[in-house]
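# Structural characterization, general
Residues per chain are reported as follows:
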Amino acid sequence: MADSTNKGEKVKSQPESSPNASNHFLNQPPLSPRRGPTLSTSTSSFEALDPHDPQLNQLASLMFSSTSDWVAGELDNTVEEYKLLEQMNKVTLTKYSDMSQITENVSRGVVELNSKYSALLPYLEQIDQIDASVGRLEQAAYKLDAYSKRLEQKFKSLEKRSN
């Protein structure tokens, strides 16, 4: 390997076969020209301080900017969805609160009706007893009516015999 001077810098000339070529056959990561071996298996030779194609830089910046805009949009959508969920939860809370109040009122009404029913129960039992008595009285009236008709028939037949 021969040393040559280029604008005041010492640069070692590399042999015809590069060190990366031997690493390629050994399945080792390629060597970085300035820093030695790298951990990346990428075939890119990107070095932060190396000058690159301005169009490539512009496209990369555009890609990162677009990706940033997309991620920001996704985050905005997520925030909006959480706001919507929060509103839905508030509305649901209000609805459940209203339903709870209605349920309490219905419950109070049922308790009130049960107490009134309990108070009316003796009267309802009397009404049932009266209804049963009326039914028995009605049956007796039918029997009495039938007996009076038979008696009337008998009286008419005796009256016809006596005349």
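The preceding data block contains the structure.
Anyway, here's the lowdown on the structure attached to this text. (Residues numbered from 1 in each chain as written. Predicted model: local features only at pLDDT ≥ 70, side-chain atom pairs only at ≥ 80, totals over all residues. Heavy atoms only, no water.)

Looking now at the overall build of the chain. Secondary structure assignment for the chain yields two helices and four strands. Sequence-ordered secondary structure for the chain, helices as α and strands as β, is β-β-α-β-β-α. Here the chain holds 163 residues, and 2% of them are scored as buried. On the chain, roughly 15500 Å² of surface is accessible, and the fraction owed to carbon and sulfur atoms is 58%. (Helix = DSSP H or I, 4+ residues; strand = E, 2+ residues; numbered from the N terminus. Buried < 20%, exposed > 50% of the residue type's maximum accessible area, 1.4 Å probe, protein only. Areas by Shrake-Rupley, 256 points an atom, 1.4 Å probe, with all protein chains shown as cover.)

Tallied over the entire structure, the rule returns five salt bridges. A salt bridge links Lys116 to Glu112, with the shortest nitrogen-to-oxygen separation between them at 3.9 Å. Residue Lys116 and its partner Glu112 are both found in helix α2 (residues 54–162); the two are separated by four residues, about one turn of the helix. Note on Lys116: relative accessible area 46%, which makes it partly exposed. Overall, Glu112 belongs to the partly exposed group, its relative accessible area being 47%. (Salt bridge = Lys/Arg side-chain N within 4 Å of Asp/Glu carboxyl O.)

Taken together, the side chains of Tyr117, Leu120, Leu121, Tyr123, Leu124 and Ile127 present a nonpolar region at the surface, about 590 Å² in accessible area. Residue position: Leu120 is located in helix α2. (Patch = residues over 30% accessible without salt bridge, like charges linked within 9 Å, V, L, I, M, F, W, Y side chains within 5 Å.)

Structural measurements only, silent on function.
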